[in-house]
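Topology and contacts: notes
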Amino acid sequence: QVQLVESGGGLVQAGGSLRLSCAASGRTFSTYAMGWFRQAPGKEREFVAAITWSGYNTYYADSVKGRFTISRDNAKNTVYLQMNSLKPEDMAVYYCAAGRPDWGEPRSRASYEYWGQGTQVTVSS
C-alpha cells in the first residue's frame, strides 16, 4: 500500500508559479507510475500530468502543456508538479495518484490505485 501526501498549494497571482510536492510512503515508490489530477468546484476530476516509474516518459493535458512540468525523485519518494504562468482556470484542488500495476492510459483515473488528499491551488486574476 502507498500513502500519498500533497503539499505546496496556496494563493498565487495569475502569471505566477507554484511547485507542488507529493510525498509517498513505502519502499516500492520507484515502481509506480505517478500522476497529477485536479478538480475545480462543480467539475469532474481531470488529468493534468503523469510520469512513468523511471521518469523517462511524461504526459500532459493540452491545457497545461508548456507551462507545467512533472518530475520525480525516487530517492526521496517524491513527485513534483512545477506550475508556471498560472491562469485563473488552473484554480482547483490538485491530487497526486499512484498508478496501478497494469497502468495503461495515463490520462484515465481508472489507471490509478492510490490517491492523496489534495492540495488547494488558488489563482487570483
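For the structure itself, look to the data block above.
Residues numbered from 1 in each chain as written. Predicted model: local features only at pLDDT ≥ 70, side-chain atom pairs only at ≥ 80, totals over all residues. Heavy atoms only, no water.

Inspection of every chain in the model, using the stated rule, returns six salt bridges. The salt bridge partner of Asp-62 is Lys-65, with a shortest N-O separation of 3.3 Å. Each of the salt bridges in this network shares a partner with another, and the network as a whole consists of Arg-38, Glu-46, Arg-67 and Asp-90. (Salt bridge = Lys/Arg side-chain N within 4 Å of Asp/Glu carboxyl O.)

Another point: the pairing of strand S4 (residues 34-39). The element S4 is extensively covered by neighbouring structure, given that five of its six residues are classed as buried. Where S4 hands over to strand S5 (residues 46-51), the hairpin turn is made up of six residues, of which Gly-42 adopts a positive phi near 80°. Pairing of S4 with strand S9 (residues 92-99), which is carried by six bridges, proceeds in the antiparallel orientation. Looking at S9, one finds that Gln-39 is bridged to Val-93. (Buried < 20%, exposed > 50% of the residue type's maximum accessible area, 1.4 Å probe, protein only. Helix = DSSP H or I, 4+ residues; strand = E, 2+ residues; numbered from the N terminus. Pairing = 2+ DSSP bridges.)

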